[in-house]
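A structural walkthrough
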Amino acid sequence: MTASTERHSRQVRFAPIGEEGQRRLAAARVTLVGAGALGSVLANVLVRAGVGYLRLIDRDFLDLSNLQRQVLYDEADVASGLPKAIVAANKLRAIDSSVSIDPHVKDVDATNVEAFVEGADLILDGTDNFEIRYLLNDVAVKRGVPWVFAGCLGASGQGMVVRPGQTPCLRCVLPDPPEAGAGETCDSAGILATAIQFVAAWQANEALKILSGNAAACSPDLFTFDLWDSRVHSMRVAHLLGQTDCPCCQRRQFDWLAGERTSHAAVLCGRNAVQLNFAGRSNLSLADLAARLAPLGEVRSNPYLLRFTVSERTLTLFPDGRAIVQGTEDPAEARTMYARYVGA
């Protein structure tokens, strides 16, 4: 028995997977967007299951509040100041060194999402961001790649498998994202780690079905649950395929992928922070910025990011020009701080 066979022997004994399904998993390529709460559970399960290649994209860094629900990380990782994608990749390689882990410290947007899903057999949503979900839906439908949507809030969650041409897409079911401020967020409602693990387990299980050659076993419904009230529901949505004038899967109008419905500032749920993106800005020299900002406040840096703290605000800068401003949820204030210390 080889090391790989021994490692996955209990999984192979599960008849729907078997040896052929395990071979398919080993050859599979997955793009996972987000290495936070859902994403860290998904990455952990997929690597332990023997998925051969995992491209992991995350724009953020760790803080102490992440440890309540983000299972790959610990206090030493928070203290390291490294981005989540890098920490996650190191942890995952220690779990199974034979799996190819391809981490990217990037914000997924209309300019790079197609490159990130190139060659993928499956796209997984590990985000807390509706803009990115609609972008993933666009690229999945355009390229005919299945993807699994999921989200959590409080003790509840939802998820849906999208198999282009065979199931409704996200916009068939939810034509538009909720209006900003229209509902609760994890800041106001909180979130339980149990809810994260419950929905991520469902999501990972659907992923394993697809990757092992058992896509027909995937749920055709919108899955919803409330763990606190011990309720699980499946909302039938299969009838929506071809029955709605969906701009995405029927008219093939990819508004999010075209960059027509994207903002350049996003309030980060539960972080008291705003992320800023700037079209056309790239290749910041973190070393030059560190030298310039050092006389003005506290500067900490590593090869992946620079963190500058002044006046109870922390500005985290990435080489691609992206920034996260902590200490405010006002995009205008965040832009002002960026302009003051980095430039217009």
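Our subject in this report is the structure included herewith. (Residues numbered from 1 in each chain as written. Predicted model: local features only at pLDDT ≥ 70, side-chain atom pairs only at ≥ 80, totals over all residues. Heavy atoms only, no water.)

Topic: the sheet that holds strand β4 (residues 122-125)
Spatial ordering of the open sheet is given by β3-β2-β1-β4-β5-β6-β7-β8, a layout of eight strands whose pairing is mixed. Both outer strands of the open sheet, β3 (100-105) and β8 (231-236), are each paired with one neighbouring strand and no more. Averaged over all neighbouring strand pairs, the angle between strand axes comes to 15 degrees, with direction disregarded. Strand direction decides the pairing type here: strand β1 (residues 29-33) and strand β2 (residues 53-58), joined by five bridges, are parallel. For V30, the partnering residue across the bridge sits in β2 and is L54. Contacts from helix α8 (residues 130-143) reach β1, β4, β5 (147-153) and β6 (156-162), with the element oriented near 170 degrees to β5. Its contacts with the sheet place helix α11 (residues 193-211) against β1, β4, β5, β6, β7 (221-226) and β8, and it is angled at close to 175 degrees to β5. (Pairing = 2+ DSSP bridges. Helix = DSSP H or I, 4+ residues; strand = E, 2+ residues; numbered from the N terminus. Axes fitted to C-alpha atoms, helices over the stretch in contact; angles between N-to-C directions. Contact = heavy atoms within 4.5 Å.)

Examining the sheet that holds strand β9 (residues 265-268)
Spatial strand order, β9-β10-β14-β13-β12-β11: six strands in an open sheet with antiparallel pairing. Here the strands that pair on one side only, and so sit at the sheet edges, are β9 and β11 (298-302). Recorded for the sheet is a direction-independent mean angle of 15 degrees between the axes of neighbouring strands. In the sheet, strand β10 (residues 273-276) pairs with strand β14 (residues 323-326) via four bridges, with the strands oriented antiparallel. Bridging from a neighbouring strand, L276 pairs with A323 of β14. Packed onto the sheet, helix α12 (residues 286-293) meets β11, β12 (305-310) and β13 (313-317) and runs at close to 15 degrees relative to β12.

Observations regarding the pairing of β10
Here β10 shows two buried faces, one formed by A273 and Q275 and the other by V274 and L276. Note: β9 against β10, four bridges, orientation antiparallel. Considered in β10, the bridge of A266 is made with Q275. Joining the antiparallel neighbours β9 and β10 is a turn of four residues, in which G270 adopts a positive phi near 75 degrees. (Buried < 20%, exposed > 50% of the residue type's maximum accessible area, 1.4 Å probe, protein only.)

Observations concerning the packing of aromatic side chains
This structure, assessed with the given rule, holds eight aromatic pairs. With a centroid separation of 5.0 Å and 10 degrees between ring planes, the pair formed by W202 and F223 is classed as stacked. Of the two residues, W202 sits in helix α11 while F223 sits in strand β7, which places them 21 residues apart along the sequence. What makes F223 buried here is its relative accessible area of 9%. Summarising the aromatic geometry, the rings of F223 and F225 are spaced 5.8 Å apart at their centres and angled 35 degrees between planes, so their arrangement reads as tilted. Clustering of aromatic rings is evident, with ring pairs tying together F198, W202, F223 and F225. Of note, R271 hangs over the ring of F61, and the distance from its end group to the ring centre comes to 5.1 Å. If you follow R307 out to its NZ or CZ, it ends over the ring of F61, 4.1 Å from the centre. (Phe/Tyr/Trp six-rings, centres within 6.5 Å; stacked < 30°, edge-to-face > 60°. Lys NZ or Arg CZ within 6 Å of the ring centre and 35° of its normal.)

None of the figures reported here should be taken as evidence of function without further support.
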